Amino acid sequence: MFPFLIVKQPASREGPKSFGQQAASASRERMHSMRSRDVSHWIWGDALSLLEKVELLHKRFSQSCAGDQPSWEPPVDVLESESEVILYVALPGVSATTLSVVLRPDGVTVSGLRRFPAAQAMRIHRLEIPYGKFERHIPFTLLFLEPTTQEFENGCLVLRFRKVR
């Protein structure tokens, strides 16, 4: 932690301070001291936040260079009505030709590839979107479900299952 220097003003020539003046002076010193501490917490908080972001980027980069292993998982929404179950898999920037959907008794597995868009040497300023191979297993029983449609719309894979009674 950084040391803080609190400079006290020299006593004025007006004579002794009253109790109210002493309290106000002490209050100003406490506020100055608190602001200094708040700044240090703010600085350390920002530093720790940046370190977490660096670790996340390092993890993503090292996973994407790992070869054949999937390096990320797309987010999924599962909705159910009285007659069907709908899965939405968010895949913006992923070509439908690279997708694979496997139905198993214990759930659905979606896998594929999001290619890095830069075709030439470029300097990266920010890299937040995951690239490379992905795989996501959505566990739920398919025992009483029948697949009906599989669509790719607005960057989402939409899988619909009709309930079999």
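The numbering scheme is per chain: residues are counted from 1 as the chain's sequence reads. Residues qualify for local features only when their pLDDT is at least 70, as the model is predicted, and side-chain atom pairs are given and counted only at 80 or more; totals for whole chains, interfaces and linings, by contrast, use all residues. The basis for the side-chain values is all heavy atoms of the structure; hydrogens and waters are excluded.

Engineer: Help me understand the pattern of salt bridges, please; the structure alone is not making it clear to me.
Structural biologist: Pairs may arise between side chains of opposite charge once their charged atoms sit close together. Salt bridges are counted wherever a side-chain nitrogen of Lys or Arg sits within 4 Å of a carboxyl oxygen of Asp or Glu. Scanning the model with the defined rule gives four salt bridges in all. A salt bridge links Arg 126 to Glu 128; its shortest N-O distance comes to 2.9 Å. Throughout, exposure labels follow a simple rule: accessible area from a 1.4 Å probe, protein chains only, divided by the maximum for the residue type, with under 20% read as buried, over 50% as exposed, and the rest as partly exposed. Note on Arg 126: relative accessible area 66%, which makes it exposed. Arg 162 is the partner of Glu 146 in a salt bridge, and the nearest nitrogen-oxygen pair spans 2.4 Å. Of this pair, Glu 146 sits in strand β6 (residues 145–153) while Arg 162 is found in strand β7 (residues 156–163), placing the two residues 16 residues apart along the sequence. Strands here mean DSSP runs of E at least two residues long; helices mean DSSP runs of H or I at least four residues long; both are numbered from the N terminus.

Engineer: Where do I start with the environment of Arg 165 in this structure?
Structural biologist: Considering the arrangement of structural elements, one finds Arg 165 in the segment after β7. When the C-alpha positions of Arg 165 and Ser 83 are compared, they lie 9.5 Å apart, and in sequence the two are 82 residues distant. Contact partners of Arg 165, with chain neighbours within four places excluded, come to Glu 82 and Ser 83. Among the polar contacts listed, one links the side chain of Arg 165 to the backbone oxygen of Glu 82, at a separation of 2.6 Å. Any two residues whose heavy atoms approach within 4.5 Å at even a single point are treated as in contact. N or O atoms within 3.5 Å of each other form a polar contact, as long as, within protein, one can give a hydrogen and the other can take it, and as long as residues adjacent in sequence are counted only when both atoms are side-chain atoms.

Engineer: Just checking my understanding: could you explain the sheet that holds strand β2 (residues 84–90) for this structure?
Structural biologist: In a beta sheet, neighbouring strands pair by backbone hydrogen bonds and run either parallel or antiparallel. One open sheet holds the four strands; their spatial order is β1-β2-β7-β6, and the pairing between them is antiparallel. With partners counted over all chains shown, the strands left at the sheet margins are β1 (76–80) and β6, one partner each. Between one strand axis and the next, the sheet turns by 15° as a mean value, whatever way the strands run. A pair of strands is treated as paired once DSSP finds two or more bridges between them. Helix axes use the C-alpha atoms of the stretch in contact, all axes being lines fitted to C-alpha atoms, and the angles between their N-to-C directions lie in the range 0 to 180 degrees.

Engineer: Looking at this structure, how should I read unusual backbone geometry?
Structural biologist: The phi angle of most residues is negative, glycine excepted, and most peptide bonds adopt the trans form. Even without being a glycine, Asn 154 presents a positive backbone phi close to 50°. On the secondary structure map, Asn 154 appears in the loop between β6 and β7.

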